[in-house]
Amino acid sequence: MAKDLLLEIGTEEVPAHFMPGILAQLKEKADAKFKEMRLEFEDITTLGTPRRTALLVKNLAEKQTGASSEYKGPSVAIAFDADGNPTKAAMGFARGKKIDVKDLVVKDGYVYAVSKEEGKDTAQLLPELLKNLIENLAFPKNMRWGDLDFRFVRPLRWIVALFDTDVMEFTVANVKSGRVSRGHRFLSDGDFTIAKASDYVADCEKASIIVDQNRRRDMIKEQIEKLAAQHNGHAEITEDLLEEVTYLVEYPTALCGSFEDKYLKLPKEAVITPMRDHQRYFPVLDDNNNLLPLFITVRNGGDYCLETVQHGNERVLRARLADAQFFFDEDRKHKLEDYVEKLKTVVFQEGLGTIYDKANRLEELAAFIGEKTGANDVDIAVAKRAAKLAKADLVTAMVCEFTELQGIMGREYALLDGENPAVATAIYEHYMPRFAGDVEPSTTAGRLVSLADKMDNIVATFSRGLVPTGSQDPFALRRQALGIVHTMIEADYKIPLYEVADKAMDLLNITDEAKRAEIQKNLEDFFMLRLKNILSENNIRYDIIDAVLRHVGSIADAYAKACATAEEISSGKLNDAIQAFVRVNNISKKAENTTINPALFTLDEEKALYETYGTVESKVHDAIVKVDYVKAIEEMQALTAPINNFFDNVMVMDKDEQIKNNRLALLKNIDNLVKTIADFSKIVL
């Protein structure tokens, strides 16, 4: 028979952004532990609020599954004498396995010791198991309290551990497990008793706790949308804010507040940022996505005295918006360009000058990338102007107070100053993509400044020897490298990475050749890993990735070649060609040069291969120029039959050195041609 299990860990309020990871970790560890202990179950669920983390195991077996182990011993000839009596070898083996010698099993000419372990009662195993689960949870940050050495995300206050109706008794940090939980701080009567594990969710709700985070999230979203509709608008609900609010409350009640219309004259983001990022409010927009003088927040409680709560939230937001208005008015006393000079007072990185110096580098690097990628003169001019102004808003009062507005206020101030709208857009876009899943810059100038900014950051940091290792990446260089890779792929920029890095090092006055070579090597390894990750996320096989990414030149080219190779291999048409290319690769390693003398070909098969190579080489070159890598691979397949005929009928390692070297040179040229797309010797068929 099976029973339900409940483990509830009660604490002080846990930071909202910790909770999803904690719940996922608890479920993963519990699943692994139950399987390790041979405890069968139907399902595992984790539930959580700011004050509790719960584990529910449905239909957990009452008894451990039995286990048997088989150990191989000496051969029968050694284990028994001529009369069939056990020898010292057999007796020693049996004694070592703690069984009687007569219980040894003979099989396949050897003796075996078979031990059987009866399953223990689950209730006997659970106290230690549950205690270990709690003690082995890991958190981004831990706390200690009292005189205990125990560390946890927040102080433990209570533990509920029930196997059906029975309490599983154990103690963690002086807190004994039981069946008593705690209700909502304000809406409940305090502690409540849980009689049965399966009653947990219902008992929590009676104590004004919506313990299921998914249900709580749906309630919050529904309430927000309903309130916004009642005020003829719609709420801007971002997933990260919705998740955060879900883990800030135990019983949600949404309420709508308002603010003065005068603040709508501020840039939209200048109102939304303090509202959303600082107060956890949801902005309300009209049908044209214009901001309304309304906000929606979620209270941890019921609807009692809701007007008072609304008034308090309005007062807090009013102060925030008044600050924003003041900072905006102060900033507008000067043009955005006037702030560029102040960048001389802000250090970029130790030993690498100021942000003003960086802005000057960005102008040149953005123009360089633009010229190399074929951007027109107008876009390059826009990029240079945007690069000059891109960092100016960092020293404005608004951005100093609300750092999330960097780039946004630069755009708004540029527009108010009458700058070209394309310049303003590029100032905003140069930070993109700001995080995983963010959109890429949509304009050419935005892309150029974005690439220049990120590459300057990476090269500058690498020049100081601060290459990210393990989990250490204080300057977020991995994110910026991913941004470069995504942008180059999306824009199909063919510029080799090393050329951009070389220019960045020139602008940073890095002249030591050994240091430059080291930076280039580190950059290639760094970007190689980023590109591999992106290809893996796009379901490109590991062997195809290894075959294509022998080195990172043009990121866009490498990505396109990998996709084309994967497409051709998945069709199954390349199998014969790959085997032929691998044969060529293996023997061509012995070639000393690539100079071919057609006059030295004496056999029809080598002549035919040479002629086919000449035709294919031209077609492959044309396809590569047109960036049609699928076509290039298809043209290469024409070499398959001539290669096989060559190997079947031609002795490559001829006694005549000239003939041998000529044949090896032909194969080396074919191998080099094939490797312009991929090293097919790495493909697993």
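Residues numbered from 1 in each chain as written. Predicted model: local features only at pLDDT ≥ 70, side-chain atom pairs only at ≥ 80, totals over all residues. Heavy atoms only, no water.

Participant: Can you lay out the overall build of the protein for me, pointing to particular residues and giving the numbers?
Facilitator: Helix and strand content of the protein: 25 helices and 16 strands. Its C-alpha radius of gyration of 35 Å places the protein more than 25% over the 26 Å reference for a compact globule of 685 residues. A total of 685 residues make up the protein; the buried ones form 50% of that total. Once local pairs closer than 6 in sequence are excluded, the contacts in the protein between residues at least 24 apart make up 69%. With the model as given, the accessible surface of the protein reaches about 32,900 Å², and the carbon-plus-sulfur share is 47%. (Helix = DSSP H or I, 4+ residues; strand = E, 2+ residues; numbered from the N terminus. Rg over C-alpha atoms; globule rule 2.2 N^0.38 Å. Buried < 20%, exposed > 50% of the residue type's maximum accessible area, 1.4 Å probe, protein only. Contact = heavy atoms within 4.5 Å. Areas by Shrake-Rupley, 256 points an atom, 1.4 Å probe, with all protein chains shown as cover.)

Participant: An account of the pattern of salt bridges is requested, with residue identities and associated values reported.
Facilitator: One pass over the structure, following the stated rule, counts 45 salt bridges. For E36, the salt bridge is made with K33, and the minimal N-O distance between the two is 3.9 Å. A residue pair is termed a helical-turn pair when its members lie 3 or 4 positions apart in one helix, as E36 and K33 do in helix α1 (residues 19-36) at three residues. Where R361 meets D456, a salt bridge forms, and the shortest distance between an N and an O atom there is 2.7 Å. On the criterion of sequence distance, the pair formed by R361 in helix α10 (residues 355-372) and D456 in helix α15 (residues 444-463) is long-range, its members being 95 residues apart. For the pair R361 and D456, a shared accessibility class is recorded, and that class is buried. Here the residues in one salt-bridge network are K358, R361, K391, D453 and D456, joined through shared partners. (Salt bridge = Lys/Arg side-chain N within 4 Å of Asp/Glu carboxyl O.)

Participant: Before we move on, can you summarise the sheet that holds strand β13 (residues 234-235) with the specific residues and values?
Facilitator: Strand order in the open sheet formed by four strands is β13-β15-β16-β14, with antiparallel pairing between adjacent strands. Since the sheet does not close on itself, it has two edges, and those belong to β13 and β14 (252-258), each with one partner. In this sheet, strand β15 (residues 282-285) lies alongside β13 in antiparallel orientation, the contact comprising two bridges. Within β15, the residue paired with A235 across the bridge is V284. Along the sheet, helix α8 (residues 268-278) makes contact with β15 and β16 (291-300), crossing β16 at roughly 10°. (Pairing = 2+ DSSP bridges. Axes fitted to C-alpha atoms, helices over the stretch in contact; angles between N-to-C directions.)

Participant: Go over unusual backbone geometry with me, naming the residues and quoting the values.
Facilitator: Here M432 and P433 are connected by a cis peptide whose omega angle stands at -15°. As for its position among the elements, P433 is in the loop between α14 (421-429) and α15. We note that D108 has phi near 55°; this positive angle belongs to a residue other than glycine. Its place among the elements puts D108 in the loop between β5 (105-107) and β6 (110-117). The residue N232 is not glycine, and still its phi comes out positive at about 60°.

Participant: Any chance you could break down the side chain of D456 for me, citing the residues and the numbers?
Facilitator: Of the residues examined, D456 reaches a relative accessible area of 2% and is grouped as buried. If we ignore the near neighbours within four places in the chain, the residues touching D456 are F348, K358, R361, L362, L365 and L508.

Participant: Would you mind going over the side chain of E8 in detail, with residue names and values included?
Facilitator: Tracing the backbone shows E8 in strand β1 (residues 2-11). What makes E8 buried here is its relative accessible area of 0%. Side chain to side chain, E8 and R52 meet in a polar contact 3.2 Å long. Engagement of the side chain of E8 in a polar contact is seen with the side chain of W158, the distance being 2.7 Å. For E8, the contacting residues outside a window of four places in its chain are R52, T53, A54, W158, I159, V160, S181, Y200 and C204. (Polar contact = N/O pair within 3.5 Å; in protein donor to acceptor, adjacent residues only side chain to side chain.)

Participant: An account of the packing of helix α17 (residues 497-507) against helix α18 (residues 513-537) is requested, with residue identities and associated values reported.
Facilitator: Across the interface, α17 lies against α18 with an axial gap of 11 Å and an inter-helix angle of 135°. Taken together, the axes of α17 and α18 are oblique relative to one another. Relative to α18, the crossing made by α17 is right-handed. Side by side, α17 and α18 meet where L497, Y498, A501, D502, M505 and D506 of the first sit next to R516, I519, Q520, L523 and F527 of the second. Of the residues belonging to the contact of α17 with α18, the class tally is seven nonpolar, one polar and three charged. (Parallel < 35°, antiparallel > 145°, perpendicular 65-115°, else oblique. Left-handed = near helix turned anticlockwise from the far one by under 90°. Nonpolar A, V, L, I, M, F, W, Y, C, P; charged D, E, K, R; others polar.)

Participant: Please set out the environment of V298 residue by residue, giving values where relevant.
Facilitator: Assignment of secondary structure puts V298 in strand β16. Residue classification places V298 among the buried residues on the basis of a relative accessible area of 14%. Note: C-alpha distance between V298 and Q223 (75 residues apart in sequence) is 9.0 Å. The contact partners of V298, leaving out residues within four places of it in the chain, are I220, I224, V245, V249, P252, T253, A254 and F282.

Participant: Report on the state of the cysteines, specifying residues and quantitative values.
Facilitator: Applying the stated criterion to the full structure yields zero disulfides. You can see C256 has no disulfide; the closest cysteine sulfur is in C305, sitting 18 Å from it. (Disulfide = S-S within 2.5 Å.)

Participant: Describe the pairing of strand β2 (residues 43-49), listing the residues and the values that go with them.
Facilitator: A regular strand places its side chains on the two faces of the sheet in alternate fashion. Within β2, five of the seven residues are buried, leaving the element largely enclosed by the surrounding structure. In the sheet, β2 pairs with strand β3 (residues 52-61) via seven bridges, with the strands oriented antiparallel. Within β3, the position partnered with G48 by the bridge is T53. Connecting the antiparallel pair β2 and β3 is a turn made up of two residues.

Participant: Can you explain the packing of helix α22 (residues 604-625) against helix α24 (residues 640-649)? Please cite residues and give values.
Facilitator: Close contact between α22 and α24 brings their axes to 9 Å; oriented N to C, the two are set at 155°. As summarised for this structure, α22 and α24 are arranged roughly antiparallel, according to the angle between their axes. Of the two possible hands of crossing, α22 and α24 adopt the one that is left-handed. Between α22 and α24, the residues in contact are E605, E606, L609 and T612 and P642, I643, N645, F646 and N649, respectively. Looking at the contact of α22 with α24 residue by residue, the classes come out as four nonpolar, three polar and two charged.

Participant: Summarise the environment of E634; cite the residues concerned and give the values.
Facilitator: Among the structural elements, E634 can be located in helix α23 (residues 629-636). In the structure, E634 is positioned 614 residues away from P20 in sequence and 48 Å away in space, judged by C-alpha atoms.

Participant: With reference to specific residues and values, describe the environment of A16.
Facilitator: Among the secondary structure elements, A16 is positioned in the loop between β1 and α1. A sequence separation of 95 residues divides A16 from V111, and the C-alpha atoms of the two residues are 59 Å apart. Sequence-distant contacts of A16, defined by excluding residues within four places in its chain, comprise E244, Y247 and L248.

Participant: Before we move on, can you summarise α14 with the specific residues and values?
Facilitator: Along α14, the residues classified as buried are V423, A424, A426, I427, Y428 and E429. Of the residues flanking the start of α14, the one acting as N-cap is N420, its side-chain oxygen 2.9 Å from the backbone nitrogen of A422.

Participant: I'd like a rundown of the packing of aromatic side chains, residues and numbers included.
Facilitator: Considering all chains together, one arrives at twelve aromatic pairs under this definition. Geometrically, the ring pair formed by Y281 and F295 is stacked, given 4.5 Å between the ring centres and 15° between the ring planes. On the criterion of sequence distance, the pair formed by Y281 in the loop between α8 and β15 and F295 in strand β16 is long-range, its members being 14 residues apart. The pair Y281 / F295 is uniform in exposure class, with both members buried. Clustering of aromatic rings is evident, with ring pairs tying together F139, W145, F150 and F152. Cation over ring: K344 sits above Y356, and NZ or CZ is 4.7 Å from the ring centre. (Phe/Tyr/Trp six-rings, centres within 6.5 Å; stacked < 30°, edge-to-face > 60°. Lys NZ or Arg CZ within 6 Å of the ring centre and 35° of its normal.)

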